[in-house]
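Overview (structure and organization)
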Amino acid sequence: MDRYVIRVNGKEYEVEIERKDGGITAVPVKNPSDAAVTKPVVSSDTKENSATAAGEKVTAGTAGKVWKVTADEGDLVKRGDSIVVLEAMKMEIPVVAPCDGKVGKLLVSEGDSVDMGQAIAIVA
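Residues numbered from 1 in each chain as written. Predicted model: local features only at pLDDT ≥ 70, side-chain atom pairs only at ≥ 80, totals over all residues. Heavy atoms only, no water.

Now for the overall build of the chain. Of the regular secondary structure elements, the chain holds 1 helix and 11 strands. The order of helices and strands in the chain, counted from the N terminus, is β-β-β-α-β-β-β-β-β-β-β-β. Buried positions account for 34% of the 124 residues belonging to the chain. Counting contacts in the chain only where the partners sit at least 6 residues apart, residues at least 24 apart contribute 50% of the total. Accessible surface computed for the chain: about 7,600 Å², of which carbon and sulfur atoms make up 51%. (Helix = DSSP H or I, 4+ residues; strand = E, 2+ residues; numbered from the N terminus. Buried < 20%, exposed > 50% of the residue type's maximum accessible area, 1.4 Å probe, protein only. Contact = heavy atoms within 4.5 Å. Areas by Shrake-Rupley, 256 points an atom, 1.4 Å probe, with all protein chains shown as cover.)

Structure representation (C-alpha coordinates):
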(Lines give C-alpha, C1' and ligand atoms only; values in the text may rest on other atoms or scores of the structure.)
Protein backbone atom coordinates (compact mmCIF):
# COMPACT_ATOMS: atom_id res chain seq x y z
CA MET A 1 0.00 0.00 0.00
CA ASP A 2 1.38 3.44 -0.97
CA ARG A 3 0.83 6.59 1.12
CA TYR A 4 0.29 10.06 -0.35
CA VAL A 5 -0.55 13.60 0.72
CA ILE A 6 -3.18 15.18 -1.51
CA ARG A 7 -3.93 18.91 -1.40
CA VAL A 8 -7.42 20.06 -2.42
CA ASN A 9 -8.19 23.79 -2.26
CA GLY A 10 -5.27 24.33 0.13
CA LYS A 11 -6.33 21.58 2.55
CA GLU A 12 -4.15 18.47 2.86
CA TYR A 13 -5.64 14.98 2.95
CA GLU A 14 -3.50 11.97 3.77
CA VAL A 15 -4.48 8.77 1.99
CA GLU A 16 -3.23 5.26 1.39
CA ILE A 17 -3.67 3.87 -2.11
CA GLU A 18 -4.30 0.15 -2.49
CA ARG A 19 -4.36 -1.51 -5.90
CA LYS A 20 -6.95 -4.29 -6.22
CA ASP A 21 -8.16 -6.16 -9.29
CA GLY A 22 -6.95 -3.45 -11.65
CA GLY A 23 -8.66 -0.70 -9.63
CA ILE A 24 -7.42 1.72 -6.99
CA THR A 25 -8.95 2.34 -3.57
CA ALA A 26 -8.04 5.40 -1.44
CA VAL A 27 -8.16 5.00 2.34
CA PRO A 28 -7.71 8.00 4.72
CA VAL A 29 -4.66 7.76 7.00
CA LYS A 30 -5.59 8.05 10.68
CA ASN A 31 -2.21 9.22 11.99
CA PRO A 32 -0.88 12.25 10.03
CA SER A 33 2.69 11.64 11.24
CA ASP A 34 2.65 8.30 9.37
CA ALA A 35 2.00 9.97 6.01
CA ALA A 36 4.73 9.97 3.41
CA VAL A 37 4.98 12.26 0.43
CA THR A 38 4.36 11.04 -3.11
CA LYS A 39 6.70 8.47 -4.56
CA PRO A 40 8.48 9.63 -7.69
CA VAL A 41 7.21 8.22 -10.96
CA VAL A 42 9.90 7.35 -13.50
CA SER A 43 9.42 8.82 -16.96
CA SER A 44 11.34 8.46 -20.18
CA ASP A 45 11.50 12.26 -20.52
CA THR A 46 15.13 13.07 -21.37
CA LYS A 47 15.09 16.38 -19.50
CA GLU A 48 14.01 14.49 -16.38
CA ASN A 49 16.58 11.73 -16.83
CA SER A 50 19.40 14.24 -17.18
CA ALA A 51 18.52 15.74 -13.78
CA THR A 52 20.74 14.93 -10.84
CA ALA A 53 19.87 11.79 -8.91
CA ALA A 54 20.76 13.58 -5.65
CA GLY A 55 17.35 14.91 -4.67
CA GLU A 56 13.67 14.15 -4.57
CA LYS A 57 11.57 14.41 -7.70
CA VAL A 58 8.50 16.61 -7.55
CA THR A 59 5.83 15.08 -9.79
CA ALA A 60 2.59 16.29 -11.32
CA GLY A 61 -0.49 14.89 -9.61
CA THR A 62 -2.56 15.36 -12.77
CA ALA A 63 -2.14 16.08 -16.45
CA GLY A 64 -2.40 19.74 -17.38
CA LYS A 65 -0.55 22.82 -18.49
CA VAL A 66 2.02 24.71 -16.43
CA TRP A 67 0.15 27.93 -15.69
CA LYS A 68 2.74 29.53 -13.41
CA VAL A 69 6.19 28.72 -12.08
CA THR A 70 6.24 29.89 -8.44
CA ALA A 71 9.80 28.89 -7.44
CA ASP A 72 13.12 29.39 -9.19
CA GLU A 73 16.16 27.14 -9.28
CA GLY A 74 18.16 27.75 -6.12
CA ASP A 75 15.14 28.84 -4.03
CA LEU A 76 14.85 27.36 -0.55
CA VAL A 77 11.47 25.68 -0.05
CA LYS A 78 9.70 23.98 2.82
CA ARG A 79 7.56 20.87 2.50
CA GLY A 80 4.21 21.98 1.07
CA ASP A 81 5.51 25.17 -0.61
CA SER A 82 4.25 25.64 -4.17
CA ILE A 83 6.79 25.09 -6.94
CA VAL A 84 4.49 25.36 -9.96
CA VAL A 85 0.77 25.78 -10.54
CA LEU A 86 -0.91 23.56 -13.12
CA GLU A 87 -4.09 24.43 -14.97
CA ALA A 88 -6.38 21.49 -15.62
CA MET A 89 -10.10 21.65 -16.42
CA LYS A 90 -10.15 25.38 -15.55
CA MET A 91 -8.75 24.66 -12.07
CA GLU A 92 -5.44 25.85 -10.64
CA ILE A 93 -3.60 22.96 -8.98
CA PRO A 94 -0.42 23.68 -7.00
CA VAL A 95 2.44 21.20 -7.23
CA VAL A 96 4.25 21.39 -3.90
CA ALA A 97 7.66 20.53 -2.48
CA PRO A 98 7.69 17.02 -0.99
CA CYS A 99 10.37 18.00 1.53
CA ASP A 100 12.37 20.92 2.87
CA GLY A 101 15.29 21.78 0.62
CA LYS A 102 16.53 23.76 -2.33
CA VAL A 103 15.04 23.70 -5.83
CA GLY A 104 17.95 22.15 -7.68
CA LYS A 105 16.43 21.84 -11.13
CA LEU A 106 13.17 22.97 -12.74
CA LEU A 107 12.16 20.55 -15.48
CA VAL A 108 9.23 22.56 -16.92
CA SER A 109 8.46 26.11 -18.04
CA GLU A 110 5.26 28.14 -18.12
CA GLY A 111 3.03 26.92 -20.94
CA ASP A 112 4.44 23.36 -20.99
CA SER A 113 1.99 20.46 -21.03
CA VAL A 114 2.63 17.77 -18.42
CA ASP A 115 1.37 14.25 -17.84
CA MET A 116 0.27 12.80 -14.53
CA GLY A 117 3.37 11.56 -12.69
CA GLN A 118 5.79 13.57 -14.84
CA ALA A 119 8.70 15.10 -12.94
CA ILE A 120 8.33 18.86 -12.49
CA ALA A 121 11.45 19.67 -10.45
CA ILE A 122 14.16 18.23 -8.23
CA VAL A 123 14.35 19.34 -4.59
CA ALA A 124 17.58 18.49 -2.75
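Buried together is how nonpolar side chains tend to be arranged in soluble globular proteins. Of all hydrophobic cores here, the largest spans 18 residues; its most connected members are I83, V84, L86, V114 and I120. If you list the elements that add at least two residues to this core, you get β7 (82-88), β9 (101-106) and β11 (119-123). Once you skip the residues sitting within four places of it in the chain, I83 turns out to touch V58, V69, T70, A71, V95, V96, A97, L106, A121 and V123. (Core = buried A, V, L, I, M, F, W, Y, C linked by side-chain atoms within 4.5 Å.)

With that settled, the discussion passes to the environment of K90. On the secondary structure map, K90 appears in the loop between β7 and β8 (91-96). Taking C-alpha positions, K90 is 9.8 Å from G64, a pair spaced 26 residues apart along the chain.

If you walk across this open sheet you meet the 4 strands as β4-β11-β9-β6, and the pairing is antiparallel. A strand with exactly one partner marks an edge of an open sheet, and here the two such strands are β4 (56-59) and β6 (76-77). Looking at chain direction, β9 and β11 are connected through 3 bridges and run antiparallel. The residue of β11 that forms the bridge with L106 is A121. (Pairing = 2+ DSSP bridges.)

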